[in-house]
Amino acid sequence: MGIAGVILAGGRSSRMGGADKAFALLGGEPLLLHAARRMRESGVEAIAVSSNADPARLAGFGLEILPDAFPDRPGPLAGLHVGLCWAAWLGAETLFTAPVDTLFYPLDAPARLAEAAGPGGIAVSGSGGRRHPIVALWPVALAERLEAHLASGGSRRVNDFIDARPHAEVEFTAGSGAVDPFFNINRPADLAEAERLLGGQGL
């Protein structure tokens with residue numbers, strides 16, 4: 001198959017008051033629904049969500065649900081790990097990841113990242129000179145190495161994991177409205193800004 005995709009939604013949402021960000025409403029719909037739609041429109045063939053939420057709350061979204069395999073919640077790398085294992089089971093060679101709160105990335109991001117990655121490489125997004133390590137394309141073959149890295153107590157920073165391996169960075173520019181394509185929704189004020197952008201057809 002082509003590119004598989006995982007929406008990373010395993011964070012604690014502390015800056016949103018502790019409520020699960022995936023269920024925050026934007027335009028009357030949960031962020032997770034927007035994130036899944038964005039990923040489908042970008043050409044990803046199979047989509048799952050990495051989340052430790054109650055599976056019953058997620059059941060209605062029509063997505064595979066992937067809880068962390070590590071008990072101490074080691075952050076996005078845990079979501080990447082379980083996503084890579086799932087993508088390998090599907091028979092995919094690469095996995096595209098994006099956070100549940102990043103909804104404006106270009107629709108050609110997976111294709112551009114795949115082109116830049118080359119065989120067996122990682123490709124990561126950037127904008128304005130800043131890296132966005134969670135919006136990235138990963139070779140499925142990394143699954144065992146990432147599992148060993150986490151099990152051995154290696155750094156849990158996604159950037160550290162990327163920097164230790166062959167990778168390419170792809171720079172994306174803001175659109176005509178000068179909105180950062182990797183604008184993410186961390187706080188209630190960000191949700192209000194996303195509502196404004198959604199109303200202006202910015203999504």
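Engineer: Explain the overall build of the chain to me, using residue names and the numbers behind them.
Structural biologist: When its secondary structure is counted, the chain shows 7 helices and 9 strands. The globule rule puts the C-alpha radius of gyration for 203 residues at 17 Å, and the 16 Å found for the chain is close to it. Expressed along its principal axes, the backbone C-alpha trace of the chain runs to roughly 45 × 35 × 30 Å. Counting all 203 residues of the chain, 50% fall into the buried class. For the chain, the accessible area works out to roughly 9300 Å², and carbon and sulfur atoms hold 52% of it. Distance from the positive charge centre (17 side chains) to the negative charge centre (22 side chains) of the chain: 5 Å.

Engineer: Lay out the sheet that holds strand S9 (residues 167–171) with the relevant residues and their values.
Structural biologist: On the basis of which strands lie adjacent, the open sheet formed by 7 strands has the order S5-S4-S1-S6-S8-S7-S9 and mixed pairing. Both outer strands of the open sheet, strand S5 (64–66) and S9, are each paired with one neighbouring strand and no more. Direction aside, the axes of adjacent strands within the sheet are offset by 30° on average. Strand direction decides the pairing type here: strand S1 (residues 4–8) and strand S4 (residues 46–50), joined by 5 bridges, are parallel. By the bridge assignment for S4, Ala4 is matched with Ala46. Packing of helix H3 (residues 76–90) onto the sheet brings it into contact with S1, S4, S5, strand S6 (94–99) and strand S8 (130–139), and relative to S1 it is tilted by some 155°.

Engineer: Account for the side chain of His132, with residues named and values stated.
Structural biologist: Note that His132 resides in strand S8. Not counting residues within four places of it along the chain, the set of residues in contact with His132 comprises Val124, Ser125, Gly126, Ser127, Asp180 and Phe182.

Engineer: Before we move on, can you summarise the pattern of salt bridges with the specific residues and values?
Structural biologist: In this structure the tally under the stated criterion is 6 salt bridges. As a salt-bridge pair, Glu169 and Arg131 come within 2.6 Å of each other at their nearest N and O atoms. Note that Glu169 is positioned in strand S9 and Arg131 in strand S8, a separation of 38 residues in sequence. Overall, Glu169 belongs to the partly exposed group, its relative accessible area being 48%. Between Arg157 and Asp160 there is a salt bridge whose closest N-O contact spans 2.8 Å. What you see here is one network of salt bridges that share partners, running through Arg131, Asp163 and Glu169.

The rules behind each value
- Residues numbered from 1 in each chain as written.
- Predicted model: local features only at pLDDT ≥ 70, side-chain atom pairs only at ≥ 80, totals over all residues.
- Heavy atoms only, no water.
- Helix = DSSP H or I, 4+ residues; strand = E, 2+ residues; numbered from the N terminus.
- Rg over C-alpha atoms; globule rule 2.2 N^0.38 Å.
- Buried < 20%, exposed > 50% of the residue type's maximum accessible area, 1.4 Å probe, protein only.
- Areas by Shrake-Rupley, 256 points an atom, 1.4 Å probe, with all protein chains shown as cover.
- Lys, Arg positive; Asp, Glu negative; His and termini not counted.
- Charge placed at Lys NZ, Arg CZ, Asp CG, Glu CD.
- Pairing = 2+ DSSP bridges.
- Axes fitted to C-alpha atoms, helices over the stretch in contact; angles between N-to-C directions.
- Contact = heavy atoms within 4.5 Å.
- Salt bridge = Lys/Arg side-chain N within 4 Å of Asp/Glu carboxyl O.

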